[in-house]
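For reference, the chains in residue letters:
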Amino acid sequence: MARTLGYMVTFTTYGTWLQGDAKGFIKDGEVRGENIALKKSNVENLAGAVVRLGRREKEIVREAIIKAAKRLKQKILAIAVYSNHAHLVCEYVDVPIEVIVGYYKNAGRVALRKSGFKGKVWTSGYDKRYCFDEKALRKRIEYVKGHRV
């Protein structure tokens, strides 16, 4: 069995990149295309305002995740926090990925609350891309570092 060197995770802010969106979306690990009826239903069922992080809020989330990674003893190889989502490329640690993602999302949420942010921050779930070799890991790092924040 191949050893996992690391992974890239992506999670979105509340109300953005909904299932059915024209940009496409991921469900059960499969990329799916636009579905207008599904997106309409998801928009109608939002329980709060759509969240778009500002420059200060993005930095708060970034710093909170970096501090949380130090507590987990996990190396963050690349991180980018955008107005509507975050990408992290992480070195593999022997902790279930859903626990790690929950930990990082919570760290960002708590830090934002301390700065006065109110309401939901993240959507449920996340996307993950495992890296089983150096080439795949470098590709994910370059992808994250190559985007403007």
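Quick note: structure is the one above.
Residues numbered from 1 in each chain as written. Predicted model: local features only at pLDDT ≥ 70, side-chain atom pairs only at ≥ 80, totals over all residues. Heavy atoms only, no water.

## Overview of the layout of surface pockets
Estimated volume of the largest pocket: approximately 950 Å³. As for the largest pocket, its lining consists of 32 residues, and the residues nearest its centre are T12, W17, I26, Y126 and D127. Elements represented by at least two residues in the lining of the largest pocket include exactly β1 (6-12), β2 (25-27), β5 (85-91), β6 (127-131) and α4 (134-145). The biggest single contributor to the lining of the largest pocket is β1, with four residues. The residue inventory of the lining of the largest pocket, partitioned by class, reads 11 nonpolar, 14 polar and seven charged. (1 Å grid on protein atoms, 1.4 Å probe; cavity = no way out; pocket = protein on both sides within 12 Å on 5 of 7 lines; lining within 4 Å. Points joined across faces, edges and corners; volume = space filled by probe spheres on them. Helix = DSSP H or I, 4+ residues; strand = E, 2+ residues; numbered from the N terminus. Nonpolar A, V, L, I, M, F, W, Y, C, P; charged D, E, K, R; others polar.)

## A short note on the pairing of β1
Residues in a regular strand point their side chains to alternate faces of the sheet. Extensive coverage of β1 is indicated by the burial of seven of its seven residues. Residues G6, M8, T10 and T12 of β1 are buried on one face, and the alternating residues Y7, V9 and F11, pointing to the opposite face, are buried as well. Of the strand pairs in this sheet, β1 and β5 are connected by seven bridges, and their pairing is antiparallel. Its bridge partner being in β5, M8 is matched across the sheet by V89. Where β1 lies against β6, five bridges are found, and the strand directions are antiparallel. In the strand pairing of β6, M8 is matched with R129. (Buried < 20%, exposed > 50% of the residue type's maximum accessible area, 1.4 Å probe, protein only. Pairing = 2+ DSSP bridges.)

## Looking at the environment of D28
Note on placement: D28 falls in the loop between β2 and β3 (30-32). We classify D28 as exposed; its relative accessible area is 73%. The sequence separation of D28 and D127 amounts to 99 residues, and the corresponding C-alpha distance is 9.5 Å.

## Thoughts on the side chain of Q74
By secondary structure assignment, the location of Q74 is in the loop between α2 (55-72) and β4 (76-81). Using a relative accessible area of 5% as the deciding quantity, one classes Q74 as buried. Separated by 2.8 Å, the side chain of Q74 and the backbone oxygen of E91 make a polar contact. At a separation of 2.4 Å, a polar atom in the side chain of Q74 contacts the side chain of Y104. (Polar contact = N/O pair within 3.5 Å; in protein donor to acceptor, adjacent residues only side chain to side chain.)

## Observations concerning unusual backbone geometry
Of note, K73 is a non-glycine position whose phi angle comes to about 60°, a positive value. With respect to the element layout, K73 can be found in the loop between α2 and β4. Here K73 falls in the exposed class, since its relative accessible area comes to 71%.

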